[in-house]
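One letter stands for each residue in the lines below.
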2 protein chains.
Amino acid sequence: MTTARILDFIRTRRPDGPCLVVDLDVVRDNFQSFRKALPDSAIFYAVKANPAPEILRLLANLGSNFDCASVAEIEMALKAGATANRVSYGNTIKKERDIARAHALGVSLFAVDSHEEVEKIARAAPGARVFCRVLTDGEGAEWPLSRKFGCVPQMAVDVLVYAHQLGLVSHGVSFHVGSQMTKLDAWDSALGDAKRVFDKLAQQGIFLKMVNMGGGFPTRYLKDIPTAQAYGQSIFASLRKHFGNQLPETIIEPGRGMVGNAGAIKAEVVLVSRKSDEDDVRWVFLDIGKFGGLAETMDEAIRYSIVTARDGDAMEPCVLAGPTCDSADVLYEKTPYPMPVSLTIGDEVLIEGTGAYTTTYSAVAFNGFEPLRSYVI
Amino acid sequence: MTTARILDFIRTRRPDGPCLVVDLDVVRDNFQSFRKALPDSAIFYAVKANPAPEILRLLANLGSNFDCASVAEIEMALKAGATANRVSYGNTIKKERDIARAHALGVSLFAVDSHEEVEKIARAAPGARVFCRVLTDGEGAEWPLSRKFGCVPQMAVDVLVYAHQLGLVSHGVSFHVGSQMTKLDAWDSALGDAKRVFDKLAQQGIFLKMVNMGGGFPTRYLKDIPTAQAYGQSIFASLRKHFGNQLPETIIEPGRGMVGNAGAIKAEVVLVSRKSDEDDVRWVFLDIGKFGGLAETMDEAIRYSIVTARDGDAMEPCVLAGPTCDSADVLYEKTPYPMPVSLTIGDEVLIEGTGAYTTTYSAVAFNGFEPLRSYVI
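Criteria and cut-off values
- Residues numbered from 1 in each chain as written.
- Chains lettered and ligands numbered in written order.
- Predicted model: local features only at pLDDT ≥ 70, side-chain atom pairs only at ≥ 80, totals over all residues.
- Heavy atoms only, no water.
- UniProt positions renumbered as here; feature names shortened; annotations may be inferred.
- Contact = heavy atoms within 4.5 Å.
- Buried area = accessible area lost by both parts, 1.4 Å probe.
- Salt bridge = Lys/Arg side-chain N within 4 Å of Asp/Glu carboxyl O.
- Polar contact = N/O pair within 3.5 Å; in protein donor to acceptor, adjacent residues only side chain to side chain.
- Helix = DSSP H or I, 4+ residues; strand = E, 2+ residues; numbered from the N terminus.
- Buried < 20%, exposed > 50% of the residue type's maximum accessible area, 1.4 Å probe, protein only.
- Pairing = 2+ DSSP bridges.
- Right-handed = clockwise from strand over helix to strand, strands pointing away.
- Least-squares fit on C-alpha atoms with pLDDT ≥ 70 in both.
- Domains from an automatic or database assignment.
- Disulfide = S-S within 2.5 Å.

Chain A appears in an unreviewed UniProt entry as ornithine decarboxylase from Hoeflea alexandrii. Recorded under Pathway (unreviewed entry), the UniProt text for chain A is reproduced unchanged: "Amine and polyamine biosynthesis; putrescine biosynthesis via L-ornithine pathway; putrescine from L-ornithine: step 1/1."

Right, dumping it as structure tokens:
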């Protein structure tokens with residue numbers, strides 16, 4: 001999965017310490033795949049997945065829009081060349097002064113999921129367009145989706161009516177099926193909910209225009225995943241089924257699906273040991289762990305593909321852990337990870353599919369270890 | 001629990017955004033309490049708990065030693081005024097080149113828990129003193145203790161014999177009862193294990209000198225905790241019980257117990273909302289969450305005391321969450337947190353007992369949010 005360009009970079013540059021290397025060619029390919037798979041949907045890259053300036057510049061040049069979680073991310077998108085009309089402030093939890101700052105920067109599209117947030121936007125960004133996020137169940141997603149974002153569809157109707165009353169443009173509905181979603185039909189019931197919200201508002205003379213279908217598009221870790229094309233066909237079929245010939249404008253917000261498979265982390269085996277002579281399972285300690293960028297191993301949720309130069313040798317299950325003095329800094333223990341029996345201290349390992357949700361998760365200085373470095377090539 | 005100095009600082013300085021404020025007077029008091037509680041034990045402050053230069057300088061001046069997890073932490077301790085003989089490289093997982101760097105800086109005390117680590121130290125820090133960490137069960141600790149560190153006592157014997165054979169000084173045994181340990185007798189069985197390792201090595205003519213009794217000393221969150229004095233008495237009784245009149249040198253490594261109650265985080269309510277009209281439980285979103293410094297709320301392990309100006313009002317259980325676009329950024333949901341019914345957007349909250357394990361855990365830039373700022377006063 002890791003590209004020759006990344007392997008070449010690591011081989012020739014020999015960076016010391018753990019680092020992420022991202023191949024922009026893969027990002028470009030992913031963007032084109034999404035564009036082809038859903039030609040009528042606007043692509044809003046989820047900046048939080050990886051805000052490296054080189055990635056944002058490339059995507060801005062390719063015509064991408066940007067889903068931003070904070071004013072800092074909005075500023076990064078603008079700096080990369082996006083205009084403010086290509087930015088969505090997609091966080092449903094915003095300080096009023098941050099809404100005002102985004103408004104001053106020209107952003108006019110905001111996510112909400114409550115009456116309280118609508119009031120803030122009406123005050124700080126009068127006349128802006130808002131879309132209301134609806135809760136989905138997240139079944140089939142590998143990264144846990146809580147009830148944190150969104151409200152039930154009936155409340156979304158009320159929230160959008162309220163926005164209209166406060167002089168905002170009630171623009172649409174959003175949902176998120178859950179990150180690393182591998183079920184092709186996961187979008188279907190949420191699109192049905194969206195349509196019902198459209199209909200109820202239309203009865204009150206408010207005509208929504210847009211459905212933000214969120215992210216959730218997976219990256220390949222250990223298991224094969226459907227193609228962007230397959231997602232596109234399934235989603236388009238659901239759109240037709242629920243909206244018939246009156247298709248709304250649509251948005252997708254790929255993050256992991258855009259950059260996940262574009263990056264690999266080079267790491268090093270620091271120690272291989274056992275806890276007793278009788279232990280079946282060896283412990284393999286890497287120089288990167290949960291607090292150095294691999295936060296998504298929380299509860300062993302995301303299981304990365306890990307490649308070594310010894311993968312032809314016999315394998316045995318190992319507990320995999322990070323380098324900090326924190327007991328919680330263990331990557332895979334409940335389900336041990338097969339590693340070569342011959343693996344030894346000093347060996348290099350490649351953790352694949354780590355282009356998304358790694359660098360920014362890394363702790364600022366836990367145990368004195370510096371944050372994950374990254375190279376975008 | 002939060003001191004008048006911290007409250008004054010927040011009231012007069014009005015820092016924008018979430019921040020930690022640490023009162024050095026409390027750190028000084030904690031140091032003196034540990035010194036009084038265990039007058040014969042050397043105190044090695046666990047730098048990873050909070051490496052703020054002001055804290056390290058104060059403790060260096062007070063005569064503290066330093067338990068360091070990395071070369072960066074060793075350098076910080078030295079810069080704060082400690083000499084290398086007051087530093088322990090307490091991480092059992094070290095790159096050989098980091099051992100060499102520590103050795104070059106004059107550090108001569110190293111933790112091990114495996115033959116492999118002993119070999120690295122013999123090569124990179126010849127003649128150094130080593131102590132071997134023994135596994136304990138961690139029962140009664142509020143922060144999970146995995147099997148990540150330590151080996152079974154019989155293997156510790158073998159590891160220390162091996163160290164002796166390789167020309168190192170087999171200096172002692174260490175253990176850790178688990179962080180935020182509220183059981184006073186938790187040290188007893190580990191001290192029994194330590195004594196048995198001492199005895200088995202003595203039979204081979206190797207005489208250990210030191211027991212590193214680790215950290216685990218709690219800080220007060222919502223429940224009362226025993227005093228340092230009570231821990232000291234219980235630990236001293238166990239030392240007597242197991243070692244009789246031949247008491248070893250002892251070390252303690254307080255981190256949370258040294259700085260936890262010295263700090264409070266000022267945060268702000270960003271949103272208070274419900275997911276449906278029928279919901280009993282409100283959602284309260286703060287401008288700090290799991291990725292902004294409150295990582296120890298993982299699995300709702302550490303339950304902080306949260307104070308507002310409205311605490312006299314009626315209370316109701318709330319789900320408490322952070323500001324990022326990440327579903328996992330929820331602090332307390334399984335066990336909702338009682339907050340005032342009158343709590344509203346823009347209110348300030350004080351998260352108490354957050355002097356340890358907050359700033360360094362915070363993500364470097366997740367969702368574009370800057371890492372937790374800190375003020376040491």
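Right, picking up where we left off after that structure.
### Some points on the interface of chain A and chain B
Across the boundary between the two partners, chain A contributes 75 residues, which contact 75 residues of chain B. When residues of chain A are sorted by the area they lose upon contact with chain B, K148, K275 and C325 of chain A head the list and together hold 12% of the total. Across the chain A-chain B interface, the total number found is 14 salt bridges. If you look at where chain A meets chain B, you find 36 residue pairs in polar contact (both at pLDDT 80 or more). Of all the elements in the fold, those that place two or more residues in the side of chain A that touches chain B are α4 (71-79), α6 (115-124), α7 (153-165), β10 (263-273), β11 (282-286) and β14 (330-340) of chain A. The biggest single contributor to the side of chain A that touches chain B is β10 of chain A, with five residues.

### Some points on the pairing of strand β7 (residues 169-174) of chain B
All names here are of chain B. Counting buried residues along β7, five of its six residues qualify, which places the element largely inside the surrounding structure. Sheet analysis places strand β6 (residues 129-133) next to β7, joined by five bridges and oriented parallel. Each bridged residue has a counterpart across the sheet, and for R129 the counterpart in β7 is V169. Relative to strand β8 (residues 210-212), β7 runs parallel, the two sharing three bridges. Bridging across to β8, S174 finds its partner in N212. Crossover handedness for the path β7 to helix α8 (residues 186-202) to β8: right-handed.

### Some thoughts on the relation of the copies chain A and chain B
The relation between the two chain copies is a rotation about an axis coupled with a shift along that axis. For these two chains of identical sequence, chain A goes onto chain B by a turn of 180° and a shift of 0.0 Å along the axis, with RMSD 0.0 Å. Given the turn and translation reported, the copies of this chain are related as if by a two-fold rotation axis.

### Considering unusual backbone geometry
Keep in mind that most residues, glycine aside, have a negative phi and that most peptide bonds are trans. The phi dihedral of Q180 of chain A falls on the positive side, at around 55°, and the residue is not glycine. When you line up the elements, Q180 of chain A lands in the loop between β7 (169-174) and α8 (186-202). One non-glycine residue with positive phi stands out, namely Y357 of chain B, at about 55°. With respect to the secondary-structure elements, Y357 of chain B resides in the loop between β15 (348-352) and β16 (373-376).

### Some details on the environment of S374 of chain B
All names here are of chain B. Residue placement: S374 occurs in strand β16. Sequence separation between S374 and C19 is 355 residues; the distance between their C-alpha atoms is 5.4 Å. With residues near it in sequence (within four places) discarded, S374 still touches L20 and T359.

### Focus on the domain arrangement of chain A
Residue and element names in this part refer to chain A. Partitioning chain A into structural domains gives domain 1 (90-254) and domain 2 (261-376). Distance between the C-alpha centres of domain 1 and domain 2: 35 Å. In this assembly, six residues from domain 1 lie in contact with 13 residues from domain 2. Surface buried jointly by domain 1 and domain 2 totals about 870 Å² across both partners, of which 64% is contributed by carbon and sulfur atoms. Across the domain 1-domain 2 interface, the total number found is zero salt bridges. Connecting domain 1 to domain 2 are one residue pair in polar contact (both at pLDDT 80 or more).

### Focus on the state of the cysteines
In protein structure, a disulfide is the covalent linkage between the sulfur atoms of two cysteines. Residue and element names in this part refer to chain A. Enumeration over the complete set of coordinates arrives at zero disulfides over all chains. Lacking any disulfide linkage, C151 is separated from the closest cysteine sulfur, that of C132, by 3.8 Å. Assessed through its relative accessible area of 0%, C151 is described here as buried.

### Section: the pairing of strand β3 (residues 65-68) of chain B
All names here are of chain B. The side-chain alternation of β3 yields two buried faces, one formed by N65 and D67 and the other by F66 and C68. Strand direction decides the pairing type here: strand β2 (residues 41-46) and β3, joined by three bridges, are parallel. Its bridge partner lying in β3, A46 is registered against D67. For the handedness criterion, the β-α-β arrangement of β2, helix α3 (residues 53-62) and β3 is classed as right-handed. Note: β3 against strand β4 (residues 87-89), three bridges, orientation parallel. By the bridge assignment for β4, C68 is matched with Y89. Crossover β3 to β4 through helix α4 (residues 71-79) is right-handed.

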